[in-house]
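Chain by chain, the residues run as shown.
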Amino acid sequence: MTAKRRTREEKNIHTKLEVYKSKANNVIEGMKIFTFANFKEGYYESRDINNDVSFAFDKRIEELKENGKIGTAVTYECAKNSLSDYSPKLTFAEITPTWLRKYEKYMLDKGRSITTVSMYLRSLRAIFNNQNIDKSIYPFGRGKGKYSIPTGRNVKKALTLEEVAKIYNYEPKNDVQAMARDYWMFLYLCNGMNVKDFCLLKWDNIEGDILYYERAKTSTTERDKKGIRIALKPESKSIIRKWGNPSLNKSDFIFPHLKANLTPERQRRIYQDLTKQINKYIQAIAKELEIPHHVTTYSARHSFATVLKRSGANIAMISDLLGHSDLSVTQNYLDSFEDEQIQEQTNVLTTGFKKAN
């Protein structure tokens, strides 16, 4: 830093370093109590003042990682990178309905799916909602002068009760296939539970014939945490006895996939690997049984809800069992999987139309 500058490049580097150091000293002098978190916020404040979208994403991603929401953080990271590729140094002032429509077209022209576009723009909307920005220029919504985030066409994911029964009665060829079949059935029987929540189950979640837990997906986003109550069937209990870790310690995990003190990143890898394993074997089973669907762990959730709906169960009860915060979410969740049922029920309209030969 004190040597004689011999090149123009060295002089430019020295000048930049002096500017950075001066800015850092000014931030420190303005702080009553020094913390690295406050220093970082103050140092990058100019980016925040300019409504820098990338900076807002970085702050949110850091919060998500601190809360162990690694999967959501990855989604936000992908959204940030995509938006930055399309519009480097993007500011919130630039985000208008016209800009959003152009970004959507840009993504579709690149061959990205509507589902991906929807996921990235919902992340952007969540970031936008957290900013102190005049609501009169809010670009999202329905109606004239607003942009409505597209929704992907739902592919039928729900199985019929008969198809679920085929999977239950299937004779596995080996232990890995048996585990995948049993785990999928457990997810189905337990209100369409996801693999992450399955891995996180502990013995103290069970009280008699009831399993009670809070969804990890919404544990830090909802102020009034909504617990889910599951009626344990004999089949569910049998799976716990077969694959669970017997323990007198109520704080131990029921199933042998997680250990104490694992990092959120390591936990996420375990969830992903187990999900892939279940999907691989359950798809092979479905193919062998000639079930004409792409069966995954997510199918277990849709099958649970759809089987209940077709049995005449109340939508409000289904919503509660799924852990949804709003009935409209459940209604939208179910509506897109009922084309087959609608076709079947309306066949009565043409009864007797065909002339006898």
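This text gives an overview of the structure that appears in the document. (Residues numbered from 1 in each chain as written. Predicted model: local features only at pLDDT ≥ 70, side-chain atom pairs only at ≥ 80, totals over all residues. Heavy atoms only, no water.)

1. Some words on the overall build of the protein
What the protein contains, in helices and strands, is 16 helices and three strands. Across the 357 residues that make up the protein, the buried fraction comes to 38%. For the protein, the computed accessible surface area is about 22,200 Å², with 51% contributed by carbon and sulfur atoms. (Helix = DSSP H or I, 4+ residues; strand = E, 2+ residues; numbered from the N terminus. Buried < 20%, exposed > 50% of the residue type's maximum accessible area, 1.4 Å probe, protein only. Areas by Shrake-Rupley, 256 points an atom, 1.4 Å probe, with all protein chains shown as cover.)

2. Points about the side chain of Ser 82
Residue position: Ser 82 is located in helix H5 (residues 70-86). Among residues more than four places away in sequence, those in contact with Ser 82 are Tyr 103, Met 107 and Tyr 120. (Contact = heavy atoms within 4.5 Å.)

3. Remarks on a positive patch on the surface
Taken together, the side chains of Lys 4, Arg 6, Arg 8 and Lys 11 make up a positively charged region of the molecular surface. One can find Lys 11 in helix H1 (residues 8-29). (Patch = residues over 30% accessible without salt bridge, like charges linked within 9 Å, V, L, I, M, F, W, Y side chains within 5 Å. Salt bridge = Lys/Arg side-chain N within 4 Å of Asp/Glu carboxyl O. Lys, Arg positive; Asp, Glu negative; His and termini not counted. Charge placed at Lys NZ, Arg CZ, Asp CG, Glu CD.)

4. So, the pairing of strand E2 (residues 210-214)
Of the two faces of E2, only the one carrying Leu 211 and Tyr 213 is buried; Ile 210, Tyr 212 and Glu 214 on the other face are not. Note: strand E1 (residues 206-207) against E2, two bridges, orientation antiparallel. Paired with Glu 207 across the strands is Ile 210, a residue of E2. Direction of pairing for E2 relative to strand E3 (residues 227-231): antiparallel, over a ladder of five bridges. Pairing of Ile 210 across the sheet is with Ala 231, part of E3. (Pairing = 2+ DSSP bridges.)

5. Structural notes on the sheet that holds E3
Read across the open sheet, the three strands follow the order E1-E2-E3; overall the sheet is antiparallel. Of all the strands in the sheet, just E1 and E3 have a single pairing partner and so form its edges.

6. A closer look at the pattern of salt bridges
Taken as a whole, this structure holds ten salt bridges when the rule is applied. Residue Lys 21 is joined to Glu 18 by a salt bridge in which the shortest nitrogen-to-oxygen separation is 3.8 Å. With Lys 21 and Glu 18 both in helix H1, this residue pair falls three residues apart, about one helical turn. Between Lys 80 and Glu 77 there is a salt bridge whose closest N-O contact spans 3.5 Å. Highlighted residues: Lys 80 and Glu 77, both in helix H5, separated by three residues, approximately one helical turn. By relative accessible area, which is 27% here, Glu 77 ends up partly exposed.

7. As for a nonpolar patch on the surface
A contiguous nonpolar surface patch, about 370 Å² in accessible area, is contributed by Ile 13, Leu 17, Val 19 and Tyr 20. In this structure, Ile 13 sits in helix H1.

8. Examining the packing of H5 against helix H12 (residues 264-288)
The interhelical angle for the contact between H5 and H12, taken along N-to-C directions, is 90°, at an axis separation of 9 Å. Taken together, the axes of H5 and H12 lie roughly perpendicular to each other. Along the contact surface, H5 presents Ile 70, Gly 71 and Val 74, while H12 presents Pro 264, Glu 265 and Arg 268. Its residues placed into classes, the contact of H5 with H12 shows three nonpolar, one polar and two charged. (Axes fitted to C-alpha atoms, helices over the stretch in contact; angles between N-to-C directions. Parallel < 35°, antiparallel > 145°, perpendicular 65-115°, else oblique. Nonpolar A, V, L, I, M, F, W, Y, C, P; charged D, E, K, R; others polar.)

9. Examining the nonpolar core
The biggest cluster of nonpolar side chains holds 51 residues, and the ones touching the most others in it are Trp 184, Phe 186, Met 193, Phe 198, Leu 211 and Phe 255. Broken down by element, the residue count for this core peaks at eight residues, all from helix H9 (residues 175-189). Residues contacting Leu 211, with those up to four places away along its chain left out, are Phe 186, Met 193, Leu 201, Asn 205, Ile 206, Ile 228, Arg 229, Ile 230 and Leu 232. Counting 27 residues, the second largest nonpolar core, distinct from the first, contains Leu 64, Met 107, Phe 140 and Ile 149. (Core = buried A, V, L, I, M, F, W, Y, C linked by side-chain atoms within 4.5 Å.)

10. What to know about helix H2 (residues 36-43)
Among the residues of H2, those classed as buried are Phe 39, Gly 42 and Tyr 43. What you see down the axis of H2 is that its buried residues fit within an arc of 95°, all on one side. (Arc of directions from axis to C-beta.)

11. Concerning the packing of aromatic side chains
The description of two aromatic rings rests on the distance between their centres and on the angle between their planes. Going through the model one piece at a time under the given rule, you end up with 19 aromatic pairs. Where Trp 184 meets Tyr 188, the ring centres are 6.1 Å apart and the plane angle is 5°; that geometry is what we call stacked. Here Trp 184 pairs with Tyr 188, and both are found in helix H9, just four residues apart, close to one helical turn. Pairing Phe 186 with Phe 255 gives two aromatic rings, centres 5.4 Å apart and planes at 75°, and the pair type is edge-to-face. Of this pair, Phe 186 sits in helix H9 while Phe 255 sits in the loop between helix H11 (234-243) and H12, and the two are 69 residues apart along the sequence. The same class applies to Phe 186 and to Phe 255, which are both buried. A connected cluster of aromatic rings, assembled from ring pairs, spans Tyr 183, Phe 186, Phe 198, Trp 243 and Phe 255. (Phe/Tyr/Trp six-rings, centres within 6.5 Å; stacked < 30°, edge-to-face > 60°.)

12. What to know about the packing of helix H4 (residues 53-66) against helix H7 (residues 114-129)
Packing of H4 against H7 leaves a shortest axis separation of 10 Å and a crossing angle of 90°. Considered as vectors, H4 and H7 are oriented roughly perpendicular to each other. Contacts between H4 and H7 pair Val 53, Ala 56, Phe 57 and Arg 60 from the former with Ser 123, Leu 124 and Ile 127 from the latter. Classifying every residue of the contact of H4 with H7 by side-chain character gives five nonpolar, one polar and one charged.

13. A short note on the side chain of Ser 87
By secondary structure assignment, the location of Ser 87 is in the loop between H5 and helix H6 (97-109). When near neighbours in sequence (up to four residues on either side) are disregarded, Ser 87 contacts Glu 94 and Trp 99.

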